[in-house]
Amino acid sequence: YLQVSSDVSGGTKAPGGFALTYFPGTTDPSAAIPLSVQGANAPDVTVALVPAPTVTISGRVHDVDGKPATAGQVVLVADAASPVGLISARAAVSGDGTFGFRNVPAGSFVLRAFGPLDSEGYPASAGLTAFEVPGQAGKEVAVALQPLHSIRGRIRFEDPPGSLMKPSSVRLQALPAAWNQ
């Protein structure tokens, strides 16, 4: 399936105006038609974006002390239950804690914020908030950062030496059970 969007992105300068559109030119995911890709080349496809209202979402990130964050980033992700599909965009947190996203279509979203990086290059704090568009369009979305904690443990491979799984190929990441938690 092919999904086309009008560049949901960080910043608030350019207007939007197009809904999330699926091939062959519908906003209804159930009416989308699958594409067949043979080999390395995809078929020549044209999709006309469907005009629709979009909004600008702006807000402020507060650090663990409740003050405006002076650095960090925010990630806007469509909630898994939202009909808008797979949308994800990043924006930097400015020195006064503000951020913005433009061209956001109607739907359910989760905003994840990350504070400045620690000495090892990892965020020391994070937070999230869930909201609806257009329900909060034109309103400030606030995110409060909370300190992050370390998890330590050991991975033990029970397969015999020389198996397909190599310890160096394992990467771990702690995630919430749901994006809106």
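The following paragraphs examine the structure supplied in this document. Numbering of residues begins from 1 in every chain and follows the order in which that chain's sequence is written. Per-residue local features are limited, in this predicted model, to residues with pLDDT of at least 70; the limit for side-chain atom pairs, both in listing and counting, is 80 or more; totals at the level of whole chains, interfaces and linings are taken over all residues. Where side-chain values are given, they derive from all heavy atoms of the structure, hydrogens and water being excluded.

**Details of the environment of Leu49**
Within the secondary structure, Leu49 sits in the loop between β3 (21-22) and β4 (55-62). Each residue's exposure class comes from its accessible area (1.4 Å probe, protein chains only) as a fraction of the maximum for that residue type: buried when under 20%, exposed when over 50%, partly exposed otherwise. On the accessibility criterion, Leu49 (28% relative accessible area) is partly exposed. Placed 27 residues apart in sequence, Leu49 and Tyr22 show a C-alpha to C-alpha distance of 8.5 Å. If near-sequence neighbours (up to four positions away) are discounted, Leu49 is found in contact with Val4, Phe18, Ala19 and Thr21. For the purposes of this entry, the term helix denotes a DSSP run of H or I that reaches at least four residues, the term strand denotes a run of E that reaches at least two, and both are numbered from the N terminus. Two residues form a contact once any of their heavy atoms are found within 4.5 Å.

**Topic: a nonpolar patch on the surface**
On the surface, Ile155, Phe157 and Leu172 cluster together into a nonpolar patch covering about 310 Å² of accessible area. Of the residues examined, Phe157 reaches a relative accessible area of 32% and is grouped as partly exposed. Every patch collects residues that have over 30% relative accessible area and no salt bridge, joining them within 9 Å if they carry like charges and within 5 Å if they are nonpolar side chains (Val, Leu, Ile, Met, Phe, Trp, Tyr). Areas reported here follow the Shrake-Rupley algorithm with a probe of radius 1.4 Å; residue values treat only the protein chains shown as occluding. A carboxyl oxygen of Asp or Glu within 4 Å of a side-chain nitrogen of Lys or Arg is what we treat as a salt bridge.

**Some remarks on the pairing of β4**
Across the two faces of β4 the burial differs, with Val55, Ile57, Gly59 and Val61 buried and Thr56, Ser58, Arg60 and His62 not buried at all. At least two bridges found by DSSP between two strands is the condition for calling them paired. Strand direction decides the pairing type here: β4 and strand β7 (residues 98-104), joined by five bridges, are antiparallel. If you follow Ile57 over to β7, its bridge partner there is Phe101. Relative to strand β10 (residues 140-144), β4 runs parallel, the two sharing five bridges. Counted as the bridge partner of His62 is Ala144 from β10.

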